[in-house]
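Listed below are the residues making up each chain.
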Amino acid sequence: MQKLLMILILSIFALGNEFAIKPHHVDVKLKCTDCHKEANEKDYKALDSNSCLSCHGSKEKLAKRLDFLKGKNPHNSIHDNANLNCYTCHNEHKPSFNMCNTCHNTKTWMKEIK
Amino acid sequence: MLSRRNFIKGVAGVGLSAPLALNANDNLGKDIKFDEIADVIIIGSGVSAHICAAYLVKNKIDVLMIEKMDRIGGNSVLSQQDFAVLNSDLQIKAGIKDSEELFLNDLNKAGAGYNHLEHSLRIIRNSNEAYEFAKSCGVKYADKLKFLGGHSVARSVETIGGGGACISTLNEFFIKHNGKIKNETKCDEIIQDESGKIIGVSVRENYRFNRNLANDDRENLSGDKKHYKARLAVVFATGGFSRDIEFRSIVNPRLRLAKSPSSLGQTAGALKQMLKVGAIPTQLALSRFSFGIPTEDLIYGIMVDCNAKRFLNEDGDRQGLSNKILAHMEKINTTIYPIIIFDSIGFANSHDPNRMQSFITAGKMKKFDSLSDLANNFKLNENDLSKTMQDYETGISNNKDEFKKDLSKIKNSSMSKAPFYAMTAAPGLSYTPGGVYADINMRVLNISNYEPIKGLYAIGEATGGVHGQSRLTSCSIPDCMTSGIACAKDILKGV
Ligand SMILES: Cc1cc2nc3c(=O)[nH]c(=O)nc-3n(C[C@H](O)[C@H](O)[C@H](O)COP(=O)(O)OP(=O)(O)OC[C@H]3O[C@@H](n4cnc5c(N)ncnc54)[C@H](O)[C@@H]3O)c2cc1C
């Protein structure tokens with residue numbers, strides 16, 4: 001718990017609230033440097049999908065996990081298959097954005113996205 | 001399925017130190033060092049881009065396609081891709097008598113004389129060739145014809161899997177024939193040589209669209225600037241601008257409050273690039289709305305504004321109704337869309353009750369056991385709503401509607417039998433008929449002399465003046481596909 005707090009405090013104070021880490025990533029003790037490989041903080045860049053997939057596996061695997069949603073699987077949709085980048089919807093340092101919601105009412109089949 | 005491997009991608013990142021001089025006049029090609037070279041560069045990755053590209057690579061032309069978004073396929077992957085075709089195999093099999101005159105008549109009726117006839121004929125005469133070409137690339141169509149509104153016979157084919165399946169199939173074909181595609185690469189400027197010929201484009205690779213900006217085209221500075229050279233031609237297959245609130249409010253203030261179901265990247269940036277090199281802006285004020293519910297059913301219900309008051313005759317087409325709704329919202333100074341309400345009798349009168357039921361399953365329409373639930377849900381004043389409903393029923397019993405609705409057409413619908421059904425009635429701008437003017441070979445014409453701008457083509461929704469006042473249902477796809485092929489053939493002529 002203490003360690004957890006430390007990480008939280010460190011990550012918040014290191015870069016300010018603007019770069020707070022999402023709770024599920026805090027739970028697994030992720031630090032800034034686990035994702036951002038640049039030596040210097042001020043060189044940190046937005047990540048590409050491969051960085052996410054280095055922990056989360058492949059897009060195909062992620063799509064499979066939501067197979068039960070059938071035609072409404074956001075990770076394998078009839079519009080885009082499994083081709084979108086993670087960051088099209090998921091954000092780490094700000095609220096995520098459900099792109100499906102721009103046309104569909106997703107409340108009936110999807111939880112709020114993390 | 002599209003494969004990520006096929007996308008040439010550089011290192012990700014939005015890192016940016018020196019501000020990009022996006023508007024600098026660097027379009028004189030002489031001293032430019034080019035980072036990429038291809039026979040043809042196609043901007044955009046929707047159905048018009050992919051059909052044109054497929055036709056070119058099949059003829060051994062070296063094509064580079066670029067797309068500014070993460071998503072490949074723009075509005076084309078959101079589309080059902082119903083596709084009107086003259087004398088398709090399916091029409092012949094079903095023994096349907098169709099003709100050039102009949103189809104033209106339908107297009108002219110919708111276009112109300114604003115449509116350029118040579119383009120209407122381009123669509124009609126080449127629709128079957130385009131359909132057969134799409135099939136030859138692997139696109140699949142259902143074994144049935146659709147008889148859609150505004151068409152005088154059944155002539156629309158149905159794309160199996162819709163736009164998503166169509167684009168991934170065409171993309172596979174394109175890649176298999178050595179086509180190259182880069183997504184998250186934005187075209188910023190068209191490059192000309194001293195003679196005015198188009199010789200390439202300046203782009204930003206590793207560009208990330210930012211939906212939070214009021215105007216991504218002007219404000220987003222992400223990515224790394226590069227120059228691409230095109231040996232033969234640059235093709236703008238850049239779609240419409242239905243998501244560009246700023247721009248569409250200038251070309252037609254009525255469009256300001258419209259909702260849009262379009263892909264997030266449908267902005268006017270590419271159109272402006274073409275205008276800069278002399279293209280002719282054509283019919284930019286026009287609009288095409290979708291409604292989320294078949295408009296022919298609205299007559300069985302009432303539409304109320306945020307004050308729970310009726311304001312129009314619910315009997316109308318989507319274009320007319322959408323215009324009235326947006327005008328009314330401006331008038332009462334609100335951004336809240338009106339609500340369409342049916343009681344159980346009106347609901348049951350719908351021409352396709354199964355479809356209505358599917359709206360409820362999808363969460364688009366809601367069912368309410370009581371009026372107060374409905375009022376609460378939509379934040380309407382219950383007393384005012386109740387009065388509006390009573391007034392409507394009084395009108396029915398006196399056979400005189402406040403908004404002159406023809407009550408003989410409402411099949412005894414009422415406004416008092418629970419349960420009630422209601423949904424937001426938001427005019428959705430899904431298509432912008434305006435764009436640049438091109439000849440039937442899709443060469444973009446120059447505003448100063450009406451001659452083709454050498455090396456520049458525009459296809460699909462990016463062009464204007466093709467459909468006129470109102471685009472007939474299922475006629476964008478034949479437009480996109482026939483223009484893509486016409487453009488490819490014209491490029492091949494010069495080889
Ligand atoms: C929900 C919906 C349903 C529809 N259903 C039908 C139907 O059933 N039948 C029918 O005929 N029509 C339908 N339409 C309309 C039709 O699908 C579209 O008009 C058509 O797909 C447009 O294709 P396009 O290739 O011209 O453009 P798009 O498919 O929109 O592609 C344009 C692409 O260009 C990219 N781009 C723009 N600017 C740049 C730049 N500067 N640099 C790089 N890339 C850029 C965009 O991001 C986009 O991906 C529908 C539309 C919608 C929204």
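Our subject is the structure that appears above.
Described in the following lines is the structure provided in the data block. All figures in this text were calculated on a predicted structure; none of them were measured in a lab.

The rules behind the values
Residues numbered from 1 in each chain as written. Chains lettered and ligands numbered in written order. Predicted model: local features only at pLDDT ≥ 70, side-chain atom pairs only at ≥ 80, totals over all residues. Heavy atoms only, no water. Near = heavy atom within 4 Å. Polar contact = N/O pair within 3.5 Å; in protein donor to acceptor, adjacent residues only side chain to side chain. Areas by Shrake-Rupley, 256 points an atom, 1.4 Å probe, with all protein chains shown as cover. Helix = DSSP H or I, 4+ residues; strand = E, 2+ residues; numbered from the N terminus. Nonpolar A, V, L, I, M, F, W, Y, C, P; charged D, E, K, R; others polar. Buried < 20%, exposed > 50% of the residue type's maximum accessible area, 1.4 Å probe, protein only. Lys, Arg positive; Asp, Glu negative; His and termini not counted. Salt bridge = Lys/Arg side-chain N within 4 Å of Asp/Glu carboxyl O. Contact = heavy atoms within 4.5 Å. Expected span 1.5 Å × (residues − 1). Phe/Tyr/Trp six-rings, centres within 6.5 Å; stacked < 30°, edge-to-face > 60°. Lys NZ or Arg CZ within 6 Å of the ring centre and 35° of its normal.

This part covers the site of the ligand. Residue and element names in this part refer to chain B. Residues in contact with the ligand amount to 37 residues; listed here are only the nearest, Ser48, Glu67, Ser76, Glu461 and Ser476. Residue lysine 68 places a main-chain N or O atom 3.2 Å away from a nitrogen atom belonging to the ligand. A distance of 3.1 Å separates an oxygen atom of the ligand from a polar backbone atom of asparagine 75. Expressed as a share of its isolated accessible area of 1000 Å², the protein-covered part of the ligand is 93%. At the level of secondary structure, the elements contributing two or more residues to the shell around the ligand comprise helix H1 (47-58), strand E7 (186-192), helix H8 (269-276), strand E16 (428-431) and helix H14 (476-493). Here the shell around the ligand takes 3 residues from H14, the largest share from any one element. Its residues assigned to classes, the shell around the ligand shows 11 nonpolar, 20 polar and 6 charged.

All names here are of chain B. The residue arginine 471 is located in the loop between strand E19 (452-458) and H14 in this model. At 6.5 Å, glutamate 461 is the nearest oppositely charged side chain to arginine 471, a buried residue that forms no salt bridge. Contacts of arginine 471, omitting those with residues within four sequence positions, involve Arg288, Tyr431 and Ser476.

For the rest of this paragraph, the subject is H14 of chain B. Quick reminder: α-helices carry 3.6 residues per turn. Residues three or four places apart thus point the same way. Across its 18 residues, H14 of chain B extends 26 Å between first and last C-alpha, which sits within 8% of the 26 Å expected from 1.5 Å per residue. Buried residues dominate H14 of chain B, accounting for 15 of its 18 residues.

Residue and element names in this part refer to chain B. Of the consecutive residues alanine 418 and proline 419, the connecting peptide bond is found in the cis state with omega at -5 degrees. Inspection of the secondary structure puts proline 419 in the loop between helix H13 (382-397) and strand E15 (420-424). Backbone geometry at lysine 379 places phi at a positive 55 degrees, although glycine is not the residue there. For lysine 379, the position within the fold is in the loop between helix H12 (371-377) and H13. Phi angles above zero are rare outside glycine, and asparagine 399 is one such case at about 55 degrees. Overall, the relative accessible area of 59% leaves asparagine 399 in the exposed class.

Inspection of every chain in the model, using the stated rule, returns 7 aromatic pairs over all chains. With a centroid separation of 6.0 Å and an interplanar angle of 90 degrees, the aromatic rings of phenylalanine 83 of chain B and tyrosine 131 of chain B are classed as edge-to-face. Of this pair, phenylalanine 83 of chain B sits in strand E3 (residues 82-84) while tyrosine 131 of chain B sits in helix H4 (residues 117-136); the two residues are 48 residues apart in sequence, bridging distant segments of the chain. Judged by centre distance (5.1 Å) and plane angle (90 degrees), the ring pair of phenylalanine 241 of chain B and phenylalanine 247 of chain B falls under edge-to-face. Residue phenylalanine 241 of chain B is classed as buried on the basis of its relative accessible area of 3%. Chaining the aromatic ring pairs together yields one cluster made of Phe83, Tyr131 and Tyr141 of chain B. If you follow lysine 72 of chain A out to its NZ or CZ, it ends over the ring of tryptophan 109 of chain A, 4.8 Å from the centre.

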